[in-house]
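Breakdown of the fold
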Amino acid sequence: MSGLPTDPEQRAQEPRHAGFVLGLDVGSTVIRCHVYDRAARVCGSSAQKVENLYPQIGWVEIDPDVLWIQFVAVIKEAVKAAGIQMNQIVGLGISTQRGTFITWNKKTGNHFHNFISWQDLRAVELVKSWNNSLLMKIFHSSCRVLHFFTRSKRLYAASLFTFTTQQTSLRLVWILQNLIEVQKAVEEENCCFGTVDTWLLYKLTKGSVYATDFSNASTTGLFDPYKMCWSGIITSLISIPLSLLPPVRDTSHNFGSVDEEIFGVPIPIVALVADQQSAMFGECCFQTGDVKLTMGTGTFLDVNTGNSLQQTIGGFYPLIGWKIGQEVVCLAESNAGDTGTAIKWAQQLDLFTDAAETEKMAKSLEDSEGVCFVPSFNGLQAPLNDPWACASFMGLKPSTSKYHLVRAILESIAFRNKQLYEMMKKEIHIPVTKIRADGGVCKNGFVMQMTSDLINENIDRPVDVDMSCLGAASLAGLAVGFWTDKEELKKLRQSEVVFKPQKKCQEYEMSLENWTKAVKRSMNWYNKT
Ligand SMILES: Nc1ncnc2c1ncn2[C@@H]1O[C@H](COP(=O)(O)OP(=O)(O)O)[C@@H](O)[C@H]1O
Ligand SMILES: O=P(O)(O)OC[C@H](O)CO
C-alpha cells in the first residue's frame, strides 16, 4: 500500500488503476486542493487565499466568479504539482465552509448576488426579532408541552431551537425581502438556492446536477435532522418555499462527473461534505465520544454522538456528521466565531509578517502583563451567545508591546477552547474517548499546549493539519473503492504530536479571571435597544 513511488516523474508512468483522489477544501480563509495517493500521502498541493468582501459594516460576501476561478486553478495546480495527469484522478471530494449561500437564475445559471458568508451579520436584527417574537414563544411552549407528554427528543430540540446569524435561514429571508430580482424569480419558480457545495457541483456539471449532502444541509438551520429532510415547520414559519431547496444526497455518493471541458476529462464527483464534518472524518473520529477541535477561521468543537442527536441549552447543536448508505453518524457541535480572523487581523496590522511567528512571540514573554483580548469580531457564540459583543483589547499600558498583544490574542483562543470544552463536558453526557486537533491555528504550539493545560486532556495533532481536505478525499476514496473501509483509513492516519497537560489549570487562574472580566465588559456593546 505504501510502496507507491513518491517521485512525480515515476508517478506519471504508473498504470491508471493506481490512481489518486483529490480532496478540496473551500474554507473561509483558504481554498486548497491536495492530491492523495493510496497511502493517503499528499503528492501535490495548491492553495489560494479566499477574498472576503466587506461591502458594509457587518456584511461578509464572496464573489462567486472569483471563487470559481480559484477553485479550478487550485485543482489544476495541485495535479501539476503532483506530476500526474488529470485522467489519473479516480475521484473528487469537496469539503466546504458551511451556511454560506448564493441564489441564481435556474434558466441562465447567472447568480443574483454574491455568496453571503456564514460570518455575515446583516440578519442580526431579524434574528433578534424572530427569537423574541410571540410566534417563537408560542412555538417553544407548544413544543415544551408536547415534549412533556411524548418525551420526543425532536420536540425537546425544537423547544430549544433559536435562530442565529451563522445559519443560512434568516440571511436567506433577508435576501428574499431585500432583493426584488430574487423575489420575482422565486415567484416564477426560476430561482435556485445553494450552499457552496451545491453551487460548485452545479458549475462543475455545467448545470446538469443540483444537489447537496446531509452534512451541509444539516448546517443551514433549515433542515430537520430527526426526519432527515428539509424542515417543513421552519421553512413555513419563515416563508421559505421548499421548492427553493436542493435534493439532499448521501455524503459519499456518485454526484456525477465534472464536465469534460473543464479539465479535459470527466472526473467523478464522489463526495460533498461540510468542512467540520469532513475534518471529523479526516481525523478518523468514527467512534461515539471522539472529539475534534478545528481551529481555522473560527473554532469548531465537535463530538461524535453516534446515532443520537443532541441539542443543549448552552449552545451545542445537533448535526449530521455524514450519511453513507445506511450509516448515519450524528455530531454535537459548538463554536467560537473568531480564531484565524483574529490572527489575520493582527497580521494586517503588521504585528507580525507570518502567522508562524506568533508562537515564538508569545513564548518570549512570561505573561501578557494583564492585557486581554476578546475575540468577537462576529459576536460571541456559545456559551455566551451575544451577537452584540465587541472585539476589544483591555488592560493596555504604556509598556504594552506588540508581543503582549499577540500573546493576548493566542491566550484568548485557548480560553475560548476551554469555555467550549467545559460546556461540552457539562451538557453532553458521553465519555470523551479521544481529542484531535486540526486547522491552520493548531500549528501553533503555544495555543495547543495552553489548551491542553486548561482542559487537562491530551490533544493529538496530525502530521497534515488540513483535515477537511483529507476527510473529503477519504469519503471520495471510499465511494470509488480506492480505500476499502474506515479501518484502512485509521491505519493510514499519522499523528505528529500529542500535547499533554504540563501546567495545572490553577496556574492560569488570574489571567483567566481577568479575561472573563474583559469578556463581560465587551458584551452587548452594539445593542442599540
Ligand atoms: N502557526 C500558526 N499560528 C497561528 N495561526 C496560524 C498558524 N498557521 C496558520 N494560522 C492561521 O490559520 C488560519 C487559516 O486556517 P485554515 O484552517 O486554513 O482556515 P479555513 O479552513 O477556515 O480557511 C489563518 O488565519 C492563519 O493565519
Ligand atoms: O472556514 P472555516 O473552515 O473556519 O469553517 C467555517 C464553517 O464551516 C462555518 O460553519
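Residues numbered from 1 in each chain as written. Chains lettered and ligands numbered in written order. Predicted model: local features only at pLDDT ≥ 70, side-chain atom pairs only at ≥ 80, totals over all residues. Heavy atoms only, no water.

**As for the nonpolar core**
- Among the nonpolar cores identified, the biggest contains 54 residues, and M295, L301 and M424 are the most heavily contacted of them.
- At twelve residues, the largest contribution of residues to this core is made by helix α15 (residues 402-427).
- M424 has contacts with V291, L301, V303, F316 and V432, leaving out every residue within four places of it along the chain.
- Judged by nonpolar contacts, the second largest core, of 43 residues, contains F20, Y202, L204 and A211. (Core = buried A, V, L, I, M, F, W, Y, C linked by side-chain atoms within 4.5 Å. Buried < 20%, exposed > 50% of the residue type's maximum accessible area, 1.4 Å probe, protein only. Helix = DSSP H or I, 4+ residues; strand = E, 2+ residues; numbered from the N terminus. Contact = heavy atoms within 4.5 Å.)

**Considering the site of ligand 1**
- Taken together, 18 residues sit near ligand 1, with T29, V30, T297, G440 and N444 positioned nearest.
- For ligand 1, a nitrogen atom lies 3.1 Å from a polar atom in the side chain of N444.
- Out of a free accessible area of 590 Å², ligand 1 has 87% covered by protein chains.
- Where the shell around ligand 1 is concerned, the elements lending two or more residues are β2 (30-36) and α13 (340-348). (Near = heavy atom within 4 Å. Polar contact = N/O pair within 3.5 Å; in protein donor to acceptor, adjacent residues only side chain to side chain. Areas by Shrake-Rupley, 256 points an atom, 1.4 Å probe, with all protein chains shown as cover.)

**Quick notes on the environment of H147**
- By the element assignment, H147 lies in helix α4 (residues 134-150).
- Residues H147 and A157, ten residues apart in the sequence, show an inter-C-alpha distance of 9.3 Å.
- Not counting chain neighbours up to four residues away, the residues in contact with H147 comprise S152, L155 and Y156.

**Some thoughts on the UniProt feature "domain: Carbohydrate kinase FGGY C-terminal" (unreviewed entry) in the protein**
- Residues annotated in UniProt with the feature "domain: Carbohydrate kinase FGGY C-terminal" (unreviewed entry) correspond here to residues 292-479.
- Between the C-alpha atoms that bound residues 292-479 the distance is 24 Å, and the span itself is 35% helix and 23% strand. (UniProt positions renumbered as here; feature names shortened; annotations may be inferred.)

**Observations concerning the pattern of salt bridges**
- A full pass over the atoms with the stated rule returns 21 salt bridges.
- The salt bridge involving R154 is made with D224; its shortest N-O contact spans 2.7 Å. Of this pair, R154 sits in helix α5 (residues 153-160) while D224 sits in strand β11 (residues 223-224), and the two are 70 residues apart along the sequence.
- On the basis of relative accessible area, R154 is assigned to the partly exposed category, the value being 28%.
- The class for D224 is buried, based on a relative accessible area of 7%.
- Between K184 and E188 there is a salt bridge, and its shortest N-O distance comes to 3.7 Å. (Salt bridge = Lys/Arg side-chain N within 4 Å of Asp/Glu carboxyl O.)

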